[in-house]
Amino acid sequence: MSTYVFDQAWQKERDRLSALEHLFDGASRRLLKDLGAGPGKRCLEVGCGAGSIARWLADQVGETGHVLATDLDTRFLDGHGRANLEVRTHNIVTDALDEAA
């Protein structure tokens, strides 16, 4: 049994994630830029949802960078089209990450 609050099978899950992106992506992008997200960086996004920040990060780090985006449900990131963006179904609470990831 999952302790996750939101039912990922809900038919409007994509709409919920889109609303969150609309509300928070601007501030998240500004913060990530201030933290140094840019060409050649390696980034980890935990709980990537529908992937707007993961795709944005991949564009920021460019061909020499790498983004690992993880979530319990990654279906909305299928076919993202970015070679530097790795999407992994992953539970940050129970599943290990590679040491250098």
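Novice: Is there a simple way to think about the pattern of salt bridges in this case?
Specialist: Side chains that carry opposite charge are capable of pairing whenever their charged atoms lie near each other. Applying the stated criterion across every chain yields a total of four salt bridges. For arginine 82, the salt bridge goes to aspartate 59, with nearest N and O atoms at 2.9 Å. Of the two residues, arginine 82 is situated in the loop between β2 (66-71) and β3 (85-89) and aspartate 59 in helix α2 (residues 52-61); the sequence distance between them amounts to 23 residues. Given a relative accessible area of 24%, arginine 82 falls into the partly exposed group. Across the salt bridge formed by glutamate 86 and arginine 88, the nearest N and O atoms sit 2.8 Å from each other. Classification of arginine 88 by relative accessible area gives partly exposed; the value is 21%. What emerges from the salt-bridge pattern is a single network uniting Glu86, Arg88 and Asp98.

Novice: What am I meant to see in helix α1 (residues 13-34) here?
Specialist: It helps to recall that an α-helix has 3.6 residues per turn; residues three or four apart then point in one direction. When the terminal C-alpha atoms of α1 are compared, their 30 Å separation across 22 residues agrees well with the 32 Å that a helix rising 1.5 Å per residue should span. If you look at α1, its biggest bend is around 50 degrees, right at phenylalanine 24. Those residues of α1 lying buried are Glu13, Arg16, Leu17, Glu21 and Asp25. Check the buried side of α1 and you find it contacts α2. Two residues or fewer after α1 comes glycine 36, characterised by a positive phi angle close to 105 degrees.

Novice: Is there a simple way to think about the packing of aromatic side chains in this case?
Specialist: Any aromatic ring pair is given by two values, namely how distant the centres are and how the planes are angled relative to each other. In this structure the tally under the stated criterion is zero aromatic pairs. Directly above the aromatic system of phenylalanine 76 lies the positively charged group of arginine 14, at a separation of 5.6 Å from the ring centroid.

Novice: Got a minute to help me understand the environment of aspartate 95 in this structure?
Specialist: Inspection of the secondary structure puts aspartate 95 in the segment after β3. A polar side-chain atom of aspartate 95 sits 3.3 Å from a polar atom in the side chain of threonine 94.

Novice: How do you make sense of a nonpolar patch on the surface when you look at a structure like this?
Specialist: On the surface, Leu44, Val46, Ile92 and Val93 cluster together into a nonpolar patch covering about 350 Å² of accessible area. With respect to the helices and strands, the residue isoleucine 92 is situated in the segment after β3.

Novice: I tried to follow the side chain of aspartate 25 on my own but got confused; where do I start?
Specialist: Within the fold, aspartate 25 resides in helix α1. Summary of buried charges: aspartate 25 has no salt-bridge partner, and the nearest side chain of opposite charge, arginine 29, is 4.0 Å away. With sequence-adjacent residues up to four places away left out, aspartate 25 is seen in contact with Leu20, Ser52 and Ile53.

Novice: How should I be thinking about the sheet that holds strand β1 (residues 42-46) in this particular structure?
Specialist: Paired through backbone hydrogen bonds, the strands of a sheet run either parallel or antiparallel to each other. Strands sit in the order β1-β2-β3 across an open sheet of three strands; the sheet is parallel. Only two strands of the sheet have a single neighbouring strand rather than two, namely β1 and β3. Mean inter-strand twist for the sheet, computed between neighbouring axes without regard to direction, equals 15 degrees. Contacts from α2 reach β1, β2 and β3, with the element oriented near 170 degrees to β2.

Conventions adopted
- Sequence order as written defines residue numbering, which begins from 1 separately in each chain.
- Owing to the predicted nature of the model, reporting of local features is limited to residues with pLDDT of at least 70; listing and counting of side-chain atom pairs is limited to 80 or more, with chain, interface and lining totals taken over all residues.
- Hydrogens and waters are ignored; side-chain quantities use all the structure's heavy atoms.
- Whenever Lys or Arg places a side-chain nitrogen within 4 Å of a carboxyl oxygen from Asp or Glu, that contact is recorded as a salt bridge.
- Starting at the N terminus, helices and strands are each numbered in turn, a helix being any DSSP run of H or I of at least four residues and a strand any DSSP run of E of at least two.
- Partly exposed describes any residue whose relative accessible area lies between the buried limit of under 20% and the exposed limit of over 50%, with all areas from a 1.4 Å probe on protein chains only and scaled to the type maximum.
- Expected span of a helix, by definition, is 1.5 Å for each gap between consecutive residues, and there is one gap fewer than residues.
- Bend at a residue means the angle formed by two fitted axes: the first through the 7 residues ending at that position, the second through the 7 residues beginning there.
- Any two residues whose heavy atoms approach within 4.5 Å at even a single point are treated as in contact.
- Two aromatic rings, drawn from Phe, Tyr or Trp (for Trp, its six-membered ring), form a pair once their centres lie within 6.5 Å of each other, and the interplanar angle then sorts them: stacked below 30 degrees, edge-to-face above 60, tilted otherwise.
- Think of it as a cone above the ring: NZ of Lys or CZ of Arg counts as a charge over the ring if it is within 6 Å of the ring centre and within 35 degrees of the ring normal.
- The definition of a polar contact used here is a pair of N or O atoms within 3.5 Å, where within protein one atom must be able to donate a hydrogen and the other to accept one, and adjacent residues in sequence count solely through side-chain atom pairs.
- By definition, no residue in a patch forms a salt bridge, and every one has over 30% relative accessible area; like charges are joined within 9 Å, nonpolar side chains (Val, Leu, Ile, Met, Phe, Trp, Tyr) within 5 Å.
- Per-residue and other accessible areas were derived by the Shrake-Rupley procedure at a 1.4 Å probe size, with only the shown protein chains allowed to occlude residues.
- Residues scored as positive are Lys and Arg, those scored as negative are Asp and Glu, and His as well as the terminal groups of each chain are ignored.
- DSSP-based pairing: two strands are paired if at least 2 bridges between them are found.
- Convention adopted: a line fitted to C-alpha atoms gives each axis, helices being fitted over their contacting stretch, and angles between N-to-C directions are expressed from 0 to 180 degrees.

Nothing here speaks to function; it is geometry throughout.
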